[in-house]
Amino acid sequence: MKSVVILGSTGSIGTKTLDVISRLNDKFKVIGLTCDSNAELLLRQIKLFNPQIAAIRDVSKYKALKDRLGSSKTKLYAGMEGIIRVAAHNKSDIVVIAISGSLALAPLLAAIKLSKKIALANKESLVMAGELVISLAREKKSQIIPIDSEHSAIFQCLNLTPTKLVKRLIITGSGGPLNNIAKSSLHKVKPKDALNHPKWDMGKKISIDSATLMNKGLEVIEAHWLFGIDAKNIDVLIHPEAIVHSMVEFIDGSIIAQLGPTDMRFPIQYALTHPDRFNSHNGSLDLTRIKNLSFKSPDFEKFPCLHLAYEALSMGGTSTAVLNGANEELVHLYLKGIIAITDIPRYIARVLDSHKVKKSPDLEDIMEADRFARSTVKEFLAKE
Ligand code: NDP
Ligand code: MG
């Protein structure tokens, strides 16, 4: 029986992780849960799973939630310190990082410091601080198993093959909800249409990133750090059917692909059970019903975010933290109806241009770059 902590249990990945665990309840037990502010759902999850510990980041909701827990044995904490306390719970075997955005970095580092096995869904932490996260994980012998479907696919295709035998990684993407919209109409796209992903049901931030293809850009950076492959050997292909979740080409020209239904419960289950595999209750792929598997190169002009991500990775140092911070801020502004979706890459390019890169950054340099990105976005916006 493995003990699991889920950070971000009330989100899209978090709830699917609980679903997987409910079906494998003879192998896994939930001992920690956290959320940002969704007290209602956290309360239901606590009643259902009886974790030893839980935390809500929004301090203003703590007291009412604690009162409603009544005689429950679950110890409840609040604030970011509370989340970090759950991340660092000494009884856990696996820590699932399903918090969205850059605030996942601190609890991720806290879990790695304690040599936990990490099932990592959050990609922003690796984009911001990949070098730091991976070197700490190596030092602490903390294993990071990806949940992001493309990285789970690559992880399975590689199957521990040495990096020197890899020619390239091929990250696939469905193309997102704006794939068939003309470039000239993109500026008019409303958040509700950009949130309407054709293949995946996900949280708001990643859904907008999928619409701008920033998600693929973040995934290139994530793959670089997870698998130690140069950006020039990481390609992105648009694959609208979303059946092939990614591929690896080896130096002898052989390509290995991972296929499966479009359901995050597959990579979540694999991250939990690795290196083992258990029966899945999530259905299976009917190959006879797949008429077509198509692949094409992405349109870098229509989706400049992808190019900006490659550029930030090649600039190195604090550039990717700036890319991530600016993007997070701009996605937020787009969702509030303040800017157009096409403003997102436009401002990111300007913020990257105005940043002085710091190589081999420490955590403070990264946080400073993140703050710089967010305040520069606001400054530019105020001037326009
Ligand atoms: P959601 O927005 O659905 O869920 C986010 C979770 O994190 C919620 O539990 C939320 O709590 C909590 N949270 C948000 N902000 C904070 C914060 N500042 N402090 C503490 N907790 C916080 O996101 P997703 O599940 O879609 O995505 C989670 C991560 O996984 C992202 O990094 C995303 O890129 C990655 N990912 C997601 C995929 C998907 O299919 N959804 C696929 C691949 C990767 P509350 O509910 O209270 O707001
Ligand atoms: Mg993905």
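Located above this text is the structure these notes cover.
All figures in this text were calculated on a predicted structure; none of them were measured in a lab. (Residues numbered from 1 in each chain as written. Chains lettered and ligands numbered in written order. Predicted model: local features only at pLDDT ≥ 70, side-chain atom pairs only at ≥ 80, totals over all residues. Heavy atoms only, no water.)

Caption draft 1: Layout of the overall build of the chain. On a plain count of helices and strands, the chain comes out with 15 helices and eleven strands. A globule of 384 residues ought to have a C-alpha radius of gyration of about 21 Å, and the chain, at 20 Å, matches this closely. Overall size of the chain, expressed as C-alpha extent along the three principal axes, is 60 × 55 × 40 Å. Put simply, of all contacts in the chain between residues at least 6 apart along the chain, 70% involve residues at least 24 apart. The average position of the 51 basic charges and that of the 40 acidic charges among the side chains of the chain differ by 5 Å. (Helix = DSSP H or I, 4+ residues; strand = E, 2+ residues; numbered from the N terminus. Rg over C-alpha atoms; globule rule 2.2 N^0.38 Å. Contact = heavy atoms within 4.5 Å. Lys, Arg positive; Asp, Glu negative; His and termini not counted. Charge placed at Lys NZ, Arg CZ, Asp CG, Glu CD.)

Caption draft 2: How the structure looks around the sheet that holds strand β11 (residues 255-259). Overall, mixed pairing links the four strands, which are arranged β9-β8-β10-β11 in an open sheet. Each edge of the open sheet carries a strand with a single partner, namely β9 (234-238) and β11. Taken over all neighbouring pairs, the strand axes of this sheet differ in orientation by 20 degrees on average, direction set aside. As judged from the five bridges shared by strand β8 (residues 166-173) and β9, these two strands associate in the parallel manner. Bridged to T172 within β9 is L237. Across the sheet, helix α7 (residues 149-158) is in contact with β8, β10 (244-250) and β11; its angle to β10 comes to roughly 40 degrees. Relative to the sheet, helix α10 (residues 214-227) contacts β8 and β9, its axis offset from that of β8 by approximately 145 degrees. (Pairing = 2+ DSSP bridges. Axes fitted to C-alpha atoms, helices over the stretch in contact; angles between N-to-C directions.)

Caption draft 3: View of the site of ligand 1. As a matter of local geometry, ligand 1 sits amid 25 residues, with T10, S37, N38, E124 and G203 nearest to it. Note that an oxygen atom of ligand 1 is positioned 2.7 Å from one of the backbone N or O atoms of S37. A distance of 2.8 Å separates an oxygen atom of ligand 1 from a polar atom in the backbone of N38. When ligand 1 sits alone it has 900 Å² of accessible area, and the protein chains cover 88% of it. Split into classes, the residues belonging to the shell around ligand 1 amount to ten nonpolar, ten polar and five charged. (Near = heavy atom within 4 Å. Polar contact = N/O pair within 3.5 Å; in protein donor to acceptor, adjacent residues only side chain to side chain. Areas by Shrake-Rupley, 256 points an atom, 1.4 Å probe, with all protein chains shown as cover. Nonpolar A, V, L, I, M, F, W, Y, C, P; charged D, E, K, R; others polar.)

Caption draft 4: Broad picture of the nonpolar core. Counting 118 residues, the largest nonpolar core has L323 and I344 as its most contacted members. Sequence-distant contacts of L323, that is, excluding residues within four places in its chain, are made with M214, L218, I221, L308, A309, A312, I348 and L352. (Core = buried A, V, L, I, M, F, W, Y, C linked by side-chain atoms within 4.5 Å. Buried < 20%, exposed > 50% of the residue type's maximum accessible area, 1.4 Å probe, protein only.)

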